[in-house]
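Residue-level listing of the chains:
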Amino acid sequence: MEKTLVIIKPDGVKRGLIGNIIKRIEDKGYIISAMMMKQLSKEQLDQHYEEHKNKTFYPSLVSYMSSGNSLIMIVEGVNAIKGMRKIMGATDPIEAEPGSIRGMYGNNKTQNLIHGSDSLESAEREINLFFNSF
Ligand code: UDP
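The protein chain appears in an unreviewed UniProt entry as Nucleoside diphosphate kinase from Irregularibacter muris. Among the UniProt annotations of the protein chain, the heading Cofactor (unreviewed entry) holds the following wording: "Mg(2+)".

See the structure below:
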């Protein structure tokens, strides 16, 4: 079993897509073992997205990610890290496979509905950041 940190981003919450997205996660066979609704602060986002701090898109990413509530979850399952990335789809929803969450519901490269850790190290770091546990 693997743990990964998943965030339904503010656009997903505002658009009423929480239920649809959670259904996709549960249909895949993953277990949601923790869940927290929270408006993320700039300080938390600076830590969460530290690898992107110098990118040109960073200011708009932080302003969007702090614009409203996000649903932050720990998702568990066999190969959950890679598996979640697969059902999320590519970063840019235009490139994401049509059956993926981003491919199905998204149309904006920044406001792309969902985050999922990209490695075991990121999952551990991100779960610790939001839930103080791993
Ligand atoms: N992002 C953006 N513009 C870009 C690339 C990424 O606004 O050109 C945002 C987008 O919300 C993305 C997040 O920054 O989900 C983190 O980027 P990353 O490359 O880590 O993509 P992800 O792992 O989320 O697919």
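Having seen the structure, we can now continue with the description.
Caption draft 1: Layout of the site of the ligand. For the ligand, the full set of nearby residues is H52, F57, L61, T91, K109, T110, N112, H115 and D118. Of the residues in the shell around the ligand, the class split is two nonpolar, five polar and two charged.

Caption draft 2: Representation of the UniProt feature "active site" (unreviewed entry) in the protein chain. Mapped onto this numbering, the UniProt entry gives "active site" (unreviewed entry) at H115. Within the element layout of this structure, H115 appears in strand β4 (residues 114-116). Among the residues examined, H115 registers 21 C-beta atoms within 10 Å and is labelled buried. Aside from chain neighbours lying at most four places away, what touches H115 is V6, I7 and K9.

Caption draft 3: Just the pairing of strand β1 (residues 2-8), in detail. With six of seven residues buried, β1 lies mostly within the body of the structure. Note that β1 and strand β3 (residues 70-77) share seven bridges and pair antiparallel. The residue bridging T4 from the neighbouring strand is V75, located in β3.

Caption draft 4: Fine view of unusual backbone geometry. The backbone phi angle of L113 is positive, close to 75°, even though this residue is not glycine. Relative to the assigned elements, L113 resides in the loop between α6 (101-105) and β4. Exposure remark for L113: the 26 C-beta atoms within 10 Å place this residue in the buried category. With phi around 50°, N132 is a residue other than glycine that occupies positive phi space. Structurally, the position occupied by N132 is in the segment after α7 (120-131). On the basis of neighbour counts, which here come to 7 C-beta atoms within 10 Å, the residue N132 falls in the exposed class.

What counts and what doesn't
Residues numbered from 1 in each chain as written. Predicted model: local features only at pLDDT ≥ 70, side-chain atom pairs only at ≥ 80, totals over all residues. UniProt positions renumbered as here; feature names shortened; annotations may be inferred. Near = placed C-beta within 6 Å. Nonpolar A, V, L, I, M, F, W, Y, C, P; charged D, E, K, R; others polar. Helix = DSSP H or I, 4+ residues; strand = E, 2+ residues; numbered from the N terminus. Buried ≥ 20, exposed ≤ 12 C-beta atoms within 10 Å, placed from the backbone. Contact = placed C-beta atoms within 7 Å. Pairing = 2+ DSSP bridges.

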